[in-house]
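# Topology and contacts: notes
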Amino acid sequence: MSDQPSEASRPPEQSPQADPQQQPEPQPPAPTAAAAPDPSVKAAAPDPSVKAAAPDQLVKDAAAADAPSRAGTPAAGAGNPWQYGAGAPGARNSTGDGVTARLRPPAPPLIRPAVLWTVLATAVLSALLLGDGLGVNLLIVAVLAALAAFFAARSAGRRLRPWTATWAVGGLALLAVPALRDAGWPTFLAVVSAFALGSLALHGSRSWLGVLIGSLGLFDSVVPGIIWGVRGIRARADGSRARWGAGLRTTAVAAVLLVVFGTLFASADAAFADLLGSLIPDVSLGDGPWRIFLFALGLAGALAAAYAAAAPVRWDGITVSPGKPRGRVEWALPLIVLNLLFAAFIALQLVVLLGGYEKVRAETGLDHAEYARQGFWQLLWATLLTLLVIALALRWAPRGGSRDRTLVRAVLGTLCVLTLVVVASALRRMDLYVDEYGLTRLRISVAAMELWLGVVLVLILAAGVFGARFLPRAIAVSAAAGVLAFGLLSPDGLIAEQNVQRFEARESAGIDIDYLKDLSADAVPALDRLPEPERSCALRIIQREVLHTDTPWYATSWGEARAKEILEKRPVQGDGRDCYRLGTDGVRDGYEPDDDGYDPY
């Protein structure tokens, strides 16, 4: 679990100054190891000088003799990108030939019992807990899978490094979002980001391609992990059948005792029965196929994590050659023109922000909100395209010396600073639009995206000053931190809070009950402050979902539990007919229900 290969899997380094005995003077042509095998040579008595040679030298000689016979295998030179973590030149591993075969170290050792038992526990808990929804159960299963990976890494000789710990802790922290929030969309982002960070913790990538591919690299270990686990079980079962039998008998006896005495105690005391019922998952025969699928998913995922921890693919070995450097004028002139365009646009924005909206309204006929909505999306795309321009400019930047580096930093640094002002202008436009029309999921999402792009620009500026060694990982950390903050801040709660405050400040502006009633249980504390009948109309659907569903404790989020407590103390009022007299904006210009009594609320 480190960013570097272990000593056991690291290829032997070639000394730049070899010993004269290791690199003899040129001799007349003689038969080499690459020639056809000669029986007389094999049968010859060993030379005493060869016996005195060091074991490392024998390994190097054997590798050098075998190298010409392997077509297409990269040489283990100092500038060879495939040498990193790929084992000795020409070495074979259990994954066979292919791209990952050149990047993966030798096969890991036989799977240990601690890894096997942890993997089995992960699979069992996946089947028992994950079938009722997502909550703290996902974090429990992920912790067990992380333990399996930790035990596998220890058995392979890998050490825990700071970046590995950073990725692992960040991934587990992201899984706190499903345990705290009821909204599905921030939970989805958190789970996907947690998977990416977990994969990075197992592979230890640091380059651009390494971070990008390494975040999905766990999929590559699924099939090898299953094969590794099956081989380990077979090897250990053949040598310890008695111990396996004793373990199974012990487990069966313990299960029977728990079932018998647990049933007796539950029938003797109602409080104990309720406690036992809340702790034990409700599993029925009808859920059998779904539970079996979750068991297989947990088993394959835990085995993949353990295998990747023991034999990680070094995705940093995949490199892209830099582009051809351009001349200073050819490279800098288009960027300078772009900087001037940005400066002209920003100058106009400063005039507008300093009170020039009346002039803009006179010339365009747009009010504040329409003016803000018209330009936000264009500025968002301008920010994204600027990051693409910076990436391409760095690829073809001149690299002749210190003057070229100064030119690149000056031109691209200016572009980053100007783009930051564009980001601020876009966020200001979104703020004006939200103040006029209220906050929605789409608006808060794109605003958060624009804010993160600003953080990326700041990191690029810092890399221009302090170096770009940590830039790929820093951007990945910023993305994960943004997703974590987005989930912990409860976007549905923020949306409800902003709309309620706007309604309280300007009741004439109305409130969109038709939109707010579709929010998650995270919005209940804010919506509970609305007056009647707006409150009951906004909370009727949420109350039906929260109070009339029997979700176990491990699949219930803190937001859902808090909403249930609020609605039990103060349930909604009326039968929903008052909601028809409220329009979608909350004002009393709605319509009467049909004669059939259909009530969508």
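Since this is a predicted model, take the numbers as computed values, not measurements.

### Here's the deal with the overall build of the chain
- Helices and strands together make up the secondary structure of the chain, namely 26 helices and zero strands.
- A total of 601 residues make up the chain; the buried ones form 37% of that total.
- Put simply, of all contacts in the chain between residues at least 6 apart along the chain, 75% involve residues at least 24 apart.
- Carbon together with sulfur atoms contributes 65% to the accessible area of the chain, which is approximately 33,200 Å² in total.

### Quick notes on the environment of Phe-470
- Tracing the backbone shows Phe-470 in the loop between helix H19 (441-466) and helix H20 (471-488).
- C-alpha separation for the pair Phe-470 and Trp-208, spaced 262 residues apart in sequence, amounts to 10.0 Å.

### Some details on the confidence of the model for the chain
- On average, residues of the chain carry a pLDDT of 76, and 69% of them reach 70 or more.
- This stretch, residues 4-96, has a pLDDT under 50; its non-local contacts, to residues over four places away or in other chains, come to 72 contacts.
- Segment residues 584-601: pLDDT under 50, and 41 contacts once partners within four positions in sequence are set aside and those in other chains are kept.

### A closer look at helix H24 (residues 534-547)
- Its 14 residues place the ends of H24 20 Å apart at the C-alpha level, agreeing with the 20 Å of an ideal helix rising 1.5 Å per residue.
- The largest bend in H24 comes to about 45°, at Arg-540.
- Across the 14 residues that make up H24, a large majority, 11, are buried.
- Of the residues making up H24, those classed as buried are Glu-534, Arg-535, Ser-536, Cys-537, Ala-538, Leu-539, Arg-540, Ile-541, Ile-542, Gln-543 and Val-546.

### Observations concerning the side chain of Ser-126
- In this structure, Ser-126 sits in helix H5 (residues 113-129).
- Ser-126 gets classed as buried once you look at its relative accessible area, which sits at 2%.

### Quick notes on the packing of aromatic side chains
- Here the structure, examined in full by the defined rule, presents nine aromatic pairs.
- Ring geometry for Trp-163 versus Trp-167: centroids 5.4 Å apart, planes at 35°, classification tilted. Of this pair, Trp-163 and Trp-167 both sit in helix H7 (residues 162-174), separated by four residues, roughly a single helical turn.
- With a centroid separation of 5.0 Å and 45° between ring planes, the pair formed by Tyr-433 and Tyr-437 is classed as tilted. On the criterion of helical spacing, the pair formed by Tyr-433 and Tyr-437 is a turn pair, its members being four residues apart in helix H18 (residues 402-437).
- Linked through ring pairs, Trp-163, Trp-167 and Phe-470 together constitute an aromatic cluster.
- The cationic tip of Arg-395 hangs over the ring face of Trp-396; the distance from NZ or CZ to the ring centre is 5.8 Å.

### Comments concerning the packing of H19 against H20
- At a minimum axis separation of 10 Å, H19 and H20 run at an interaxial angle of 155°. With respect to each other, H19 and H20 are oriented roughly antiparallel. Judged by the sense of rotation from one axis to the other, the crossing of H19 with H20 is right-handed. The residues of H20 that touch H19, namely those facing Ile-444, Ser-445, Ala-448, Trp-452, Val-455, Val-456, Leu-459, Ile-460 and Ala-463, are Leu-471, Ala-474, Ile-475, Ser-478, Ala-479 and Phe-486.
- By residue class, the composition of the contact of H19 with H20 is 13 nonpolar, two polar and no charged.

### Points about a nonpolar patch on the surface
- Side chains of Val-253, Val-256, Leu-257, Val-260, Phe-261, Leu-264 and Phe-265 sit close together on the surface and give an oily, nonpolar patch of about 660 Å² of accessible area.
- Summarising the element assignment, Leu-264 is placed in helix H12 (residues 241-268).

### Overview of the pattern of salt bridges
- Counted by the stated rule, this structure contains 12 salt bridges.
- Across the pair Asp-132 and Arg-291 runs a salt bridge, and its minimum N-O distance is 3.5 Å. Of this pair, Asp-132 sits in the loop between H5 and helix H6 (136-155) while Arg-291 sits in helix H14 (residues 288-310), and the two are 159 residues apart along the sequence.
- With relative accessibility at 29%, the residue Asp-132 sits in the partly exposed group.
- We note a salt bridge from Arg-535 to Asp-528, for which the minimum N-O separation is 2.8 Å. We note that Arg-535, like Asp-528, is buried.

### Some points on the packing of H5 against H14
- Relative orientation of the contacting elements H5 and H14 amounts to 145°, with a least axis distance of 7 Å. When the axes of H5 and H14 are compared, the crossing they make is right-handed. Residue-level contacts link Val-115, Val-119, Leu-120, Thr-122, Ala-123, Val-124, Ser-126, Ala-127, Leu-128 and Leu-129 of H5 to Arg-291, Leu-294, Phe-295, Gly-298, Leu-299, Ala-302, Leu-303 and Ala-306 of H14.
- Each residue belonging to the contact of H5 with H14 can be placed in one class, and the counts come to 14 nonpolar, three polar and one charged.

### Points about the environment of Ala-194
- Mapped onto the elements, Ala-194 comes out in helix H9 (residues 184-203).
- Each C-alpha atom, one on Ala-194 and one on Ser-215, is 9.7 Å from the other, the two residues being 21 residues apart in sequence.
- Apart from residues no more than four positions distant in its own chain, Ala-194 is found in contact with Gly-171, Leu-174 and Leu-175.

### Brief notes about unusual backbone geometry
- The step from Glu-532 to Pro-533 runs through a cis peptide bond, and the omega angle for that step is 5°.
- Assignment of secondary structure puts Pro-533 in the loop between helix H23 (524-527) and H24.
- Backbone geometry at Ser-490 places phi at a positive 60°, although glycine is not the residue there.

### Quick look at the environment of Ala-168
- The topology assignment puts Ala-168 in helix H7.
- For Ala-168, a relative accessible area of 28% corresponds to the partly exposed category.
- For the pair Ala-168 and Val-143, spaced 25 residues apart in sequence, the C-alpha separation works out to 9.9 Å.

### Details of the nonpolar core
- With 49 residues, the main nonpolar core has Leu-527, Leu-530, Leu-539 and Ile-542 as its most contacted residues.
- The biggest single contributor to this core is H18, with eight residues.
- Beyond its immediate stretch of four places on either side in the chain, Leu-530 contacts Val-500, Phe-503, Ile-511, Ile-513, Arg-535 and Ala-538.

Cut-offs and rules
- Residues numbered from 1 in each chain as written.
- Predicted model: local features only at pLDDT ≥ 70, side-chain atom pairs only at ≥ 80, totals over all residues.
- Heavy atoms only, no water.
- Helix = DSSP H or I, 4+ residues; strand = E, 2+ residues; numbered from the N terminus.
- Buried < 20%, exposed > 50% of the residue type's maximum accessible area, 1.4 Å probe, protein only.
- Contact = heavy atoms within 4.5 Å.
- Areas by Shrake-Rupley, 256 points an atom, 1.4 Å probe, with all protein chains shown as cover.
- pLDDT = per-residue confidence, 0-100.
- Expected span 1.5 Å × (residues − 1).
- Bend = angle between axes of the 7 residues up to and from the residue.
- Phe/Tyr/Trp six-rings, centres within 6.5 Å; stacked < 30°, edge-to-face > 60°.
- Lys NZ or Arg CZ within 6 Å of the ring centre and 35° of its normal.
- Axes fitted to C-alpha atoms, helices over the stretch in contact; angles between N-to-C directions.
- Parallel < 35°, antiparallel > 145°, perpendicular 65-115°, else oblique.
- Left-handed = near helix turned anticlockwise from the far one by under 90°.
- Nonpolar A, V, L, I, M, F, W, Y, C, P; charged D, E, K, R; others polar.
- Patch = residues over 30% accessible without salt bridge, like charges linked within 9 Å, V, L, I, M, F, W, Y side chains within 5 Å.
- Salt bridge = Lys/Arg side-chain N within 4 Å of Asp/Glu carboxyl O.
- Core = buried A, V, L, I, M, F, W, Y, C linked by side-chain atoms within 4.5 Å.

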